[in-house]
Amino acid sequence: MSSLSYKPAALLCPLALCISSFSQANPIPNDLLRYEQWGLNNTPRAIETSPSNIPEESISETGTCAEKPDIIENSYTCNSYTSSGVEDMDINAAEGWAAYVPSDNLNQQEVVIALIDTGIDYTHPDLADKVWLNPGETTGIDANSNGIDDGCEDTIDGDNNGYLNDCHGINALVDRENSDGSLNPLAGDPLDDEVGHGTNMSGVLGAIANNTDENYHGGIVGVTGFEPRIKIAACKSAKMESDVFPLIPGVAVPAGKESALVDCLWYFYNLKQSGVNIAVINASGGMSKHINMGGIMYPLVADPYLLNTPNMYMLADLLQAEDISVIAAAGNNSWSIDQVVEERAYYPASFENTNIIAVGATNNQGNLWAGTSYGRFSVDVMAPGQDILSTNPSFPIFSEENSDFIVSHGSSQATAYVTGMVALLKANASTEHLDSTSIRRLLLSSSKPIPAATNKSVSGGLARLADNNGKGVLTCDNQVFRRRQLPKAEAMVALPNSNIKLAVESYNCANPGSETEITVTVQPTGETFMLYDNGLGDDELAGDGIFSGNWTVPFGHFQYTLSSGYDSVLNGNDELLIKASIIEDNVDNTDWVGKWWPSFYRYGYYGTNYRYATTNDPEKIFTWSPTLNEAGYYEVFARWPQGPNFATNATFRVHHQSSTDGSNIVTEVQQDQTTNGNQWISIGTYWFEAGTRDVQLTNLNANGTVVADAIQFAPVL
């Protein structure tokens, strides 16, 4: 497709088509690149592939710029395009701007977004008017007429917080003090001059609308771009680092150390304590223990970059107590961050505080962006994240030619969209009172359902500012969200007699739902048990819309189905499948050859006792013979009590089958029974046909007493 030059004064796409989803009452920005921002308004449009007087067949539908636009004065060129977008797979920005009613309190106190990132280019013409100005540092005087408040240029720590001239935020990558004890002016300057990521997020958050004039073309508009009293304060915490992956040294990636993020969080927490209205933190970064590198590598992340630390847990709790929402990226690893595999958990998104909202990314087709992480129980909501046009620093980054705007991808961009929504909620007359927990409820309840997110997020939907039929955070009306929160699995394996905690979230827009109790039915037993939201027993907090209770896995059945009722995302019944492990104690379906003495002398045995065989006699064999209800892979575990004189080479013989031809196989596994007492130790995963199967223990060639206690067959889901 050939390039196309766009001129605001003579649009080459019919205006009705370009903005067909905007109502006449909706504000329309005049920014040059507004039609390239599909995340705000994803309406397909027509383009011309010839300069003028072209036949109808030369007009086709297209998406938006797939790379940075080339801007010349008041026109621009797209050299490539995304696929034509699916209409309405966006945040409905125009409808949201029309529904927004500013709070009267904004006249006294602006709403502040706290950006933890690579900093911000506070000189960018699309951002300068949206950057926070620290009232503790400013004087309101510009004596030298250079356009900068004198309080941002003096050598005085005006607000006495240990940062010199932190007018727009701080730089946590440098020391606050010089070697002589004086304050370091660099620590008070969050300028994004190396990576550009923070500036990119800032454009999504709040690029100012309608700032076209004779000197500037106007670029883009951010989610909060029509509300000048929403500001962005920045903490510079990340840069290009080459020591993130110890196994592949020298590979540089943008990252922030835990120590810098801790400094940022304390800074914004203290600002809130001092009276600055820090309403929401945008945490577009994060880290997990392993990272997906091109789908083929999972390098270990160096300890200084890991974020599931005691300091971070403490600060997460403090921010929740201070009622500051934290919007956190799910990550760009293309895998689930549900903590089934703990190394994939992504922090801060994986913290379970109710003020932390995890966000994944979608594309303009309403599908998940290929790079986004996801999680049925961990990622709260989705937002646009692929091919997102936003601001870039107004000076060269990575030694490349300057470009004020770029197109990029990630759950970072999706996070910024949701952060902007939350900032508008905190500035909106009818929602400014909502606490951070209520805001999470509102986002879950009011999202637009999209099939791609049904089993990849909690809400199963796309975050919306406003919408028809009661959807959208600014227009939510009678939207019931009801979904199981615990256990964090659709199917699981559990030991008989173990307790399973169930929890179901039940909300209506920002409020808890109207239910008083929830009944859970168990099949095949037919029993029922109740979940309550009364703050008693398993329920942590009364009246928060989370109903809790527990169920004990009985003996006697191999498989159970627990139904907690209606799932509003599935639009059907929620069912949790529990497969019970099969445990055979030494007194159950067992047999033995030779003398196996019963005992309860050593600590840590399963059941009522254990049996042992000495080594000074002919071979003795102990056999467990559990019955398996169905064929499949099972992980086999054995256990024994604590005992220093036990054999270090006790031999287990697992009688199993081939998964291909069903042939019988015997696998021998040696275990050191002087260690790991009083716990289940895996002796391998095997295929078993249904029926009675044998696991044996022999004293042959053992160098000490051999102990037969219990075995467990755990189905592999």
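Structure first, text after, so check above.
What counts, and at which threshold
Residues numbered from 1 in each chain as written. Predicted model: local features only at pLDDT ≥ 70, side-chain atom pairs only at ≥ 80, totals over all residues. Heavy atoms only, no water. Disulfide = S-S within 2.5 Å. Helix = DSSP H or I, 4+ residues; strand = E, 2+ residues; numbered from the N terminus. Buried < 20%, exposed > 50% of the residue type's maximum accessible area, 1.4 Å probe, protein only. Contact = heavy atoms within 4.5 Å.

**Q** Provide a residue-level description of the state of the cysteines, including the pertinent values.
**A** Following the criterion strictly, the structure yields 4 disulfides and no others. Note that cysteine 152 is cross-linked by a disulfide to cysteine 167, the S-S spacing being 1.9 Å. With the S-S bond torsion at -110 degrees, the cross-link from cysteine 152 to cysteine 167 turns out left-handed. Linking cysteine 152 in the loop between strand E6 (111-117) and strand E7 (169-171) with cysteine 167 in the loop between E6 and E7, this pair joins segments that are 15 residues apart in sequence. Per residue, the accessibility class of cysteine 152 equals that of cysteine 167, and both read buried. Between the sulfur atoms of cysteine 476 and its disulfide mate cysteine 509 the distance is 2.1 Å. Here the S-S torsion is close to -90 degrees, and the disulfide linking cysteine 476 with cysteine 509 is therefore left-handed. Of this pair, cysteine 476 sits in the loop between strand E18 (461-462) and strand E19 (480-486) while cysteine 509 is found in the loop between strand E21 (499-508) and strand E22 (511-512), placing the two residues 33 residues apart along the sequence. In this structure, cysteine 476 and cysteine 509 share a single accessibility class: buried.

**Q** Residues and numbers for unusual backbone geometry, please.
**A** Residue proline 348 follows tyrosine 347 across a cis peptide bond; omega there is 10 degrees. Proline 524 follows glutamine 523 through a cis peptide bond whose omega is 15 degrees. Within the secondary structure, proline 524 is located in the loop between strand E23 (517-523) and strand E24 (528-532). Positive phi outside glycine occurs at aspartate 88, with the angle close to 80 degrees. On the secondary structure map, aspartate 88 appears in the loop between strand E5 (75-78) and helix H2 (93-99). A relative accessible area of 24% means that aspartate 88 is categorised as partly exposed.

**Q** Requested: an account of the environment of glycine 385, with residues and values cited.
**A** Within the element layout of this structure, glycine 385 appears in the loop between strand E14 (381-384) and strand E15 (388-391). Expressed as a C-alpha distance, the spacing of glycine 385 and glutamine 673, which sit 288 residues apart in the sequence, is 53 Å. Ignoring any residue separated from it by four or fewer positions in sequence, one finds glycine 385 in contact with Trp38, Ala361, Thr362, Ser408, His409, Gly410, Gln413 and Ala414.

In short, the description is geometric, and any link to function would need to be established separately.
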